[in-house]
Amino acid sequence: MNPKAKITRVETIPVAVPFRVPFKIASGGARPVGENLLVRLHTDQGLAGIGETQAWRRQGSTETFASLKCAIEEHLAPRLIGRSPFELPALVRAMDEALYPALYAKAGIIDGLYDLQGKLLGVPVWQLLGGKCRDAVGACAVLPIKDSLEETLAGADDFHRRGFRSFTVKVGVNAEAEVKLVAAVRERFPSAIIRVDANASMRFDAALALLEKLAPYGLDAAEQMVPMWDLEGMAELARRVPVAIMADECVGTVHDLLEVIKRRAATVMQTKVAKNGGIWHMRMLWTLAHAADMRIYPGNHPSTSVATAAVVHLAAAWPGPLLDGPFAVGISGAFARDVVLEPLSVENGAVRVPDGPGLGVALDEKAIAAMRVDK
Ligand SMILES: [Mg+2]
């Protein structure tokens, strides 16, 4: 437990994590695997910190394993070697000088630094963030796009049996079928919270028409209906439909969020570990969103227990309200495997906050060896 530790090496570990069933959102085909990149920060004290990011390509992210590895190993790691993990703010600044914003690459490093600080001090990350305000963090179920309404409803039934009471329905491909689907989900679960997510795939007029049809079914929010660059379109949707508009793809940096706020383009904001650059940057976004009276929806690209834990610790230390977000989409049924010895799980719609040192998860070397793609 030596706080004088120095970082000696930054290791990247690319793993192809299989989906239980190929995962489809509006853009692109169904994905058979998640391309998740673990980052391990080695020290001269023997302890290592771990973080996670993802090469999850869609509007707003063009990352590949190769691009993340290059950014981390060639541009960011040289700013960390020989430095103390307890210099986190200075290390963030040094990384910004090397590459900006490069949030996907920084995410794994930054959360790895929090994990390392916690392990060196023997305290959980939520303690580093000031303390714990909750013991469990509510999660929603994500219903990816399927070939038939029956298949999607069967998935919703399964989530409901496991205690989920909030659903995010992926839309943006076939409006007629999606209206029937949302109507069917509402009929089956009259008191459930239902949100839709078009993943930036719709034209303004099509999004407006769809939301007008969906509004009577009681949507809590509509997520990124139009492309990330169409903030005016989001603002107009917000004025014209009685459904709260959520920003996801269009918010990377705090500057992006400021634009959303200035234009009143959304009243709900989603963060993700990879998209937004880890705990350090997500906390800034949450603070800014809170100041603008926006609701906060903690999300993630499909993640292993490592990036899921990062959101859970941040949420544990957050004093304000949070929506039941899709931060646990990977561990709640989308992924068939995990990379840690004791995976986090969703019980009655919530993830318990880990109390072990750092992020509170330990890598399962056997599982990693089976899923590594750079063997
Ligand atoms: Mg989204």
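Residues numbered from 1 in each chain as written. Predicted model: local features only at pLDDT ≥ 70, side-chain atom pairs only at ≥ 80, totals over all residues.

K.L.:
Teacher, can you tell me more about the overall build of the protein here?
P.N.:
Of regular secondary structure, the protein possesses 14 helices and 13 strands. Counting only C-alpha atoms and orienting by the principal axes, one finds that the protein spans roughly 60 × 40 × 40 Å. Looking at the 375 residues of the protein, the share that counts as buried comes to 51%. Within the protein, contacts between residues at least 6 apart in sequence are counted, and of these 75% link residues at least 24 apart. (Helix = DSSP H or I, 4+ residues; strand = E, 2+ residues; numbered from the N terminus. Buried ≥ 20, exposed ≤ 12 C-beta atoms within 10 Å, placed from the backbone. Contact = placed C-beta atoms within 7 Å.)

K.L.:
Would you explain the environment of Lys180 in this entry?
P.N.:
Along the chain, the position of Lys180 falls in helix α6 (residues 175–188). Expressed as a C-alpha distance, the spacing of Lys180 and Leu149, which sit 31 residues apart in the sequence, is 8.0 Å.

K.L.:
Which parts of the structure should I look at to understand the sheet that holds strand β6 (residues 166–170)?
P.N.:
Sheet strands line up and pair through hydrogen bonds in the backbone, either parallel or antiparallel. If you trace the seven strands from one edge of the open sheet to the other, you get β5-β6-β7-β8-β9-β10-β11, paired in parallel fashion. On the outer flanks of this sheet lie β5 (141–143) and β11 (295–298), each paired with one strand and no other. On average, each strand axis in the sheet is tilted by 25 degrees relative to the strand beside it, whichever way the strands run. Across two bridges, strand β9 (residues 245–247) lies against strand β10 (residues 268–271) in parallel orientation. When the bridges of β10 are listed, Met246 appears paired with Val268. (Pairing = 2+ DSSP bridges. Axes fitted to C-alpha atoms, helices over the stretch in contact; angles between N-to-C directions.)

K.L.:
I keep staring at the pairing of β6 and nothing clicks. Help me out?
P.N.:
Residues in a regular strand point their side chains to alternate faces of the sheet. With five of five residues buried, β6 is to be regarded as a mostly interior element. In the sheet, β5 pairs with β6 via three bridges, with the strands oriented parallel. Following the sheet pairing, Val142 is matched in β6 by Thr168. In this view, the connection linking β5 to its parallel neighbour β6 by way of helix α5 (residues 149–161) has right-handed handedness. (Right-handed = clockwise from strand over helix to strand, strands pointing away.)

K.L.:
Whenever I open this one, helix α11 (residues 278–291) confuses me. Can you help?
P.N.:
In this model α11 runs 20 Å from its N-terminal to its C-terminal C-alpha over 14 residues, within 8% of the 20 Å that 1.5 Å per residue would give. When we look at burial in α11, the residues that qualify are Gly278, Ile279, His281, Met282, Leu285, Trp286 and Ala289. When α11 is viewed along its axis, its buried side chains cluster within an angular range of 165 degrees and face the same direction. Among the residues trailing α11, Asp293 stands out with phi positive, at a value near 65 degrees. (Expected span 1.5 Å × (residues − 1). Arc of directions from axis to C-beta.)

K.L.:
Where do I start with the packing of helix α1 (residues 65–76) against helix α3 (residues 103–121) in this structure?
P.N.:
In a pair of packed helices, the angle between the axes and the distance between the axes together describe the arrangement. Running from N to C, α1 and α3 point in directions that differ by 65 degrees, and their axes come no closer than 9 Å. Between α1 and α3, the crossing angle belongs to the class labelled roughly perpendicular. The two elements α1 and α3 meet at a crossing, and its hand is right-handed. Contacts between α1 and α3 involve Leu68, Ala71, Ile72 and Leu76 from the first element and Tyr104, Ala105, Lys106 and Ile109 from the second. For the contact of α1 with α3, the class distribution of residues is seven nonpolar, no polar and one charged. (Parallel < 35°, antiparallel > 145°, perpendicular 65-115°, else oblique. Left-handed = near helix turned anticlockwise from the far one by under 90°. Nonpolar A, V, L, I, M, F, W, Y, C, P; charged D, E, K, R; others polar.)

K.L.:
Can you walk me through the sheet that holds strand β13 (residues 350–352) in this structure?
P.N.:
One open sheet holds the three strands; their spatial order is β4-β13-β12, and the pairing between them is antiparallel. Of all the strands in the sheet, just β4 (136–138) and β12 (346–347) have a single pairing partner and so form its edges. The pairing of β4 with β13 spans three bridges and is classified as antiparallel. For Val137, the partnering residue across the bridge sits in β13 and is Val351.

K.L.:
I keep staring at the pairing of strand β2 (residues 31–43) and nothing clicks. Help me out?
P.N.:
Examined bridge by bridge, strand β1 (residues 7–23) and β2 share 12 bridges and lie antiparallel to one another. Residue pairing across strands places Ala16 opposite Glu35, the latter belonging to β2. Relative to strand β3 (residues 48–54), β2 runs antiparallel, the two sharing seven bridges. In the sheet register, Leu38 faces β3, and the bridge partner there is Glu52. Linking β2 back to β3 in an antiparallel pair, the connection comprises four residues, with Gly46 at a positive phi of about 90 degrees.

K.L.:
Looking at this model, I keep getting lost on the domain arrangement of the protein. Mind explaining?
P.N.:
Interface extent is often summarised as the accessible area lost during association of the parts. You can read the domains of the protein as domain 1 (7–124 + 366–371) and domain 2 (128–359). Using C-alpha coordinates to define each centre, domain 1 is positioned 22 Å away from domain 2. Taken residue by residue, the interface counts 45 residues in domain 1 and 46 residues in domain 2. Put simply, the parts of the chain that give the side of domain 1 that touches domain 2 at least two residues each are β1, β2, β3, α2 (88–98), α3 and α14 (365–371). (Domains from an automatic or database assignment.)

K.L.:
Looking at this structure, I do not really get unusual backbone geometry. What am I missing?
P.N.:
Comment: phi is negative for the bulk of residues other than glycine, and the bulk of peptide bonds are trans. Geometrically, the link from Tyr100 to Pro101 is a cis peptide bond, its omega value of -5 degrees lying close to zero. Inspection of the secondary structure puts Pro101 in the loop between α2 and α3. Of note in the backbone geometry, Arg264 takes a positive phi value of approximately 50 degrees without being a glycine. One can find Arg264 in the loop between α9 (254–262) and β10. A tally of 14 C-beta atoms within 10 Å means that Arg264 is categorised as partly exposed.

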